[in-house]
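Chains, contacts and geometry: an overview
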Amino acid sequence: MDAAAVCSKAAVAVHNHADKDTFLREVYPLDEKYYLRSLGVDPRKDAADITKQFPTLADDINIPAFFDKEQIFSSVFRISSAGLQLWTHYDVMDNLLIQVTGSKQVVLFSPRDAPYLYLTGDKSEVLDLDTPDLEKYPQFAKAQRYECQLEAGDVLFIPALWFHNTVAKVFGVGVNVFWKHLPADCYNKTDTYGNKDPIAASRAMQILDRALKTLDELPDEYRDFYARRMVLRIQSKSYSKHYK
């Protein structure tokens, strides 16, 4: 069964609660975790849109009027089993997490805590937030954790760049609505998931990678010295004075 067929069958099962448990038993063994995410009509070109993929379900979702409809980037339909955890990561757009059924624990960290989260790309290497390995990740203890639990009907606003981690407490259905709050030309036009860094940020990171490669031409003592100078320059030129 392909992903589209599974999502279509899942949508029917969720909409008809009497069939939900039967659907889960048929498709997934009891000891397996599962996670289904809707995609665009053509995942290479189109963002997810519940009004197109699941129009009947979309009629049941009331999206708060926090932004103009023209700013909507995607609306993502998600199904997850009990205990399913999504790793700590950030998104580059503001989004609303709408809990349709079930309950979900959400942990958030401020963008200013990025130095303590041991990032690889947009994701944290620290997987166990409750009992982290502080010998391996000692700086993680400095990160300020914000936590809430979503129940059916709750909506959580997750600002762009805020790190978040979710754990489904029971079988659950949710919808994420992402919207563009920066000028449209700031975003990568090939991004259908909404998780690629803004164009200027990506370009800056590429320049930094080239600069670091250039530093490798120096002896260790010099490389260390000039790397520290680069850090100080970035701090003085780019760190915002509005944040501690």
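What counts as what
- In this convention, every chain numbers its residues from 1, walking through the sequence in written order.
- Confidence filtering applies because this is a predicted model: local features only for residues at pLDDT of at least 70, side-chain atom pairs given and counted only at 80 or more, and all residues used for totals across whole chains, interfaces and linings.
- Calculation of side-chain values draws on the structure's entire complement of heavy atoms; hydrogens and water are dropped beforehand.
- In this scheme, strands are said to pair when DSSP sees at least two bridges between them.
- Comment: elements are numbered from the N terminus, with helices defined as DSSP H or I runs of at least four residues and strands as E runs of at least two.
- All axes are obtained by fitting lines to C-alpha atoms, using only the stretch in contact for helices, and the reported angles, taken between N-to-C directions, cover 0 to 180 degrees.
- Any angle from 65 to 115 degrees is called roughly perpendicular, while one under 35 is roughly parallel, one over 145 is roughly antiparallel, and all others are oblique.
- By definition in these notes, contact holds between two residues if any of their heavy atoms fall within 4.5 Å.
- Residues are grouped as follows: Ala, Val, Leu, Ile, Met, Phe, Trp, Tyr, Cys and Pro are nonpolar; Asp, Glu, Lys and Arg are charged; every other residue, Gly included, is polar.
- Buried residues are those whose accessible area, probed at 1.4 Å on protein chains only, stays under 20% of the maximum for their type, while exposed residues exceed 50% and partly exposed ones sit between those limits.
- Under this rule, positive means Lys or Arg and negative means Asp or Glu; His and the chain ends count for nothing.
- Throughout this description, the term salt bridge denotes a Lys or Arg side-chain nitrogen within 4 Å of a carboxyl oxygen of Asp or Glu.
- Pairs were defined over the aromatic rings of Phe, Tyr and Trp, the Trp ring being its six-membered one, requiring ring centres within 6.5 Å. Orientation was assigned from the angle between planes: stacked under 30 degrees, edge-to-face over 60, tilted for the rest.

**Points about the sheet that holds strand β2 (residues 72-80)**
Taking strand neighbours across the sheet as the criterion, the five strands line up as β1-β2-β11-β4-β9 in an open arrangement whose pairing is antiparallel. Only two strands of the sheet have a single partner each, and these edge strands are β1 (35-37) and β9 (155-158). Taken over all neighbouring pairs, the strand axes of this sheet differ in orientation by 20° on average, direction set aside. As judged from the four bridges shared by strand β4 (residues 94-101) and β9, these two strands associate in the antiparallel manner. Its bridge partner lying in β9, L97 is registered against L156.

**Focus on the packing of helix α5 (residues 199-215) against helix α6 (residues 220-238)**
The geometry of α5 relative to α6 is characterised by a closest axis approach of 10 Å and an angle of 155° between their N-to-C directions. With respect to α6, the element α5 is oriented roughly antiparallel. Residue-level contacts link L208, A211, L212 and L215 of α5 to R223, Y226, A227 and M230 of α6. Taken together, the residues that form the contact of α5 with α6 break down as seven nonpolar, no polar and one charged.

**Describing the side chain of D91**
By secondary structure assignment, the location of D91 is in the loop between β3 (85-89) and β4. Buried charge without a partner: D91 forms no salt bridge, and the closest opposite charge is R78, 6.4 Å away. Beyond its immediate chain neighbours, meaning those up to four positions away, D91 contacts A160, L161, H164, F178, G194 and N195.

**A look at the packing of aromatic side chains**
Taken as a whole and assessed by the stated rule, the structure comprises eight aromatic pairs. Judged by centre distance (6.0 Å) and plane angle (20°), the ring pair of F157 and W179 falls under stacked. Residue F157 is located in strand β9, and its partner W179 is located in strand β11 (residues 172-179); the two are separated by 22 residues in the primary sequence. Of the residues examined, F157 reaches a relative accessible area of 37% and is grouped as partly exposed. Taken together, F67, F157 and W179 form an aromatic cluster joined through their ring pairs.

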